[in-house]
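# Examination of the molecular architecture
The chain contents come next:
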Amino acid sequence: MAEETMNDFKDEIDRSFRKVKEGDILEGTVIDVSDTEITLDLKYYTQGIIKVEDMSDDPKFSVHRDVKVGDEISATVISTDDGNGNILLSKKEANQVLSWDKIKELQNSDSYVDVKVSEAVKAGCVAFLEGIRGFIPASKLDLQFVEEDRLADYIGKTLKVKVITADKEANKLVLSAREYLKEQADARRAEMISNLEVGLVTEGVVESLQNYGAFVNLGNGMTGLVHISQICNQRIAHPSSVLKVGQKVKVKVTAIKDGKLSLSMKALEEIAATEITEEKIEYESDGEATTSMADLLKKAGF
């Protein structure tokens, strides 16, 4: 029975007598948090101590807010005796090894992770990921480029980001929030398009002119193509002979395929102008139905 009891505790006994040296990374459980230090149970014959200044590079770090009794922490041994018989540790040093490994995993898996913006700097913002200082360029903060005078608006915001550059040697970490926002916008746009019906007549603005036709913005990110053959009844060499960018036009939805809209102006020429009315479309959401195109776009949050 005694032998079985010894076997049950063999791992803990082995850990308590293992040789610990400077540079080792140890894992411990937080058993006490004070204003100046964190105490860890290392399952060793002595405890581990991390000074608050050795916890994080994040200037927003708060020991009482960010560390709780019971937390598991990995830290690097910087001294086997802090003068009081305890092992002195640094989480910041361990971060340089463990955090870069985690960040590299995030990059390789193409995963999203939440970060909180801590400051605005020239050409972007700063957020810490796994204790490592990361930079989010102004072009990656939102769907559109964020001007310098608006960067401060992002301080304190939590963003869902991807790791786009992780260079441990150069200590360079670049993050981007744009990919997630684009995915969300695309999903909302796809939902909007799925609720449109072929035959809908609505108004849009000419966004661009190409040799093969004109792209018309129907509002809030929904754009459709009016093929050159569908611009008017007359044969034209180029859409610019009839249209100009920024011009408001009336169009009819003639096809919806793979999330793309085909539009026609020509179809409306065959109807007397006095008979053209903007059609209503059915859209059910949370018990609401039958709404105009403008209301539909508004309700979708565009």
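Below is a short write-up of the structure. These figures come from a predicted structure and were not determined experimentally. (Residues numbered from 1 in each chain as written. Predicted model: local features only at pLDDT ≥ 70, side-chain atom pairs only at ≥ 80, totals over all residues. Heavy atoms only, no water.)

Our next topic: the pattern of salt bridges. Taken as a whole and judged by the stated rule, the model has 10 salt bridges. Lys160 is paired through a salt bridge with Asp114; the nearest N and O atoms lie 3.0 Å apart. Of this pair, Lys160 sits in strand E9 (residues 158-167) while Asp114 sits in strand E6 (residues 113-121), and the two are 46 residues apart along the sequence. Judged by its relative accessible area of 29%, Lys160 falls in the partly exposed class. Exposure remark for Asp114: the relative accessible area of 46% places this residue in the partly exposed category. Two residues, Arg189 and Asp186, come together in a salt bridge whose shortest N-O distance is 2.6 Å. Of this pair, Arg189 and Asp186 both sit in helix H5 (residues 178-194), three residues apart, which is roughly one turn of that helix. Assessed through its relative accessible area of 24%, Arg189 is described here as partly exposed. Where salt bridges share partners, they join Lys182, Asp186 and Arg189 into one cluster. (Salt bridge = Lys/Arg side-chain N within 4 Å of Asp/Glu carboxyl O. Helix = DSSP H or I, 4+ residues; strand = E, 2+ residues; numbered from the N terminus. Buried < 20%, exposed > 50% of the residue type's maximum accessible area, 1.4 Å probe, protein only.)

Counted according to the given criterion, the structure contains three aromatic pairs. Between the aromatic rings of Tyr112 and Tyr180, the centroid separation amounts to 5.3 Å while the plane-to-plane angle is 75°, which identifies the pairing as edge-to-face. Within this pair, whereas Tyr112 is found in the loop between helix H4 (91-109) and E6, its partner Tyr180 is found in helix H5, the two being separated by 68 residues in sequence. The class of Tyr112 is partly exposed, set by a relative accessible area of 25%. (Phe/Tyr/Trp six-rings, centres within 6.5 Å; stacked < 30°, edge-to-face > 60°.)

Right, let's get into the side chain of Thr76. Relative to the assigned elements, Thr76 resides in strand E4 (residues 72-79). One polar contact links the side chain of Thr76 to the main-chain amide nitrogen of Ala94, over a distance of 3.1 Å. If we ignore the near neighbours within four places in the chain, the residues touching Thr76 are Gly23, Asp24, Ile25, Leu88, Leu89, Ser90, Glu93 and Ala94. (Polar contact = N/O pair within 3.5 Å; in protein donor to acceptor, adjacent residues only side chain to side chain. Contact = heavy atoms within 4.5 Å.)

Turning to the pairing of E6, a few remarks are in order. Inspection of the sheet shows E6 paired to E9 by four bridges, in the antiparallel sense. Looking at E9, one finds that Lys116 is bridged to Thr158. In the sheet, E6 pairs with strand E7 (residues 124-129) via four bridges, with the strands oriented antiparallel. Bridge pairing links Val121 to Gly124 in E7. (Pairing = 2+ DSSP bridges.)

The next thing to look at is H4. Here H4 is 19 residues long and its end C-alpha atoms lie 25 Å apart, about the 27 Å a rise of 1.5 Å per residue gives. A bend of about 35° at Val97 is the largest found in H4. Of the residues making up H4, those classed as buried are Ala94, Asn95, Ser99, Trp100, Ile103 and Leu106. Backbone nitrogen of Lys92 and a side-chain oxygen of the N-cap are separated by 3.4 Å at the start of H4; the cap is Ser90. Downstream of H4 by one or two residues, Asp110 has phi in the positive range, about 60°. (Expected span 1.5 Å × (residues − 1). Bend = angle between axes of the 7 residues up to and from the residue.)

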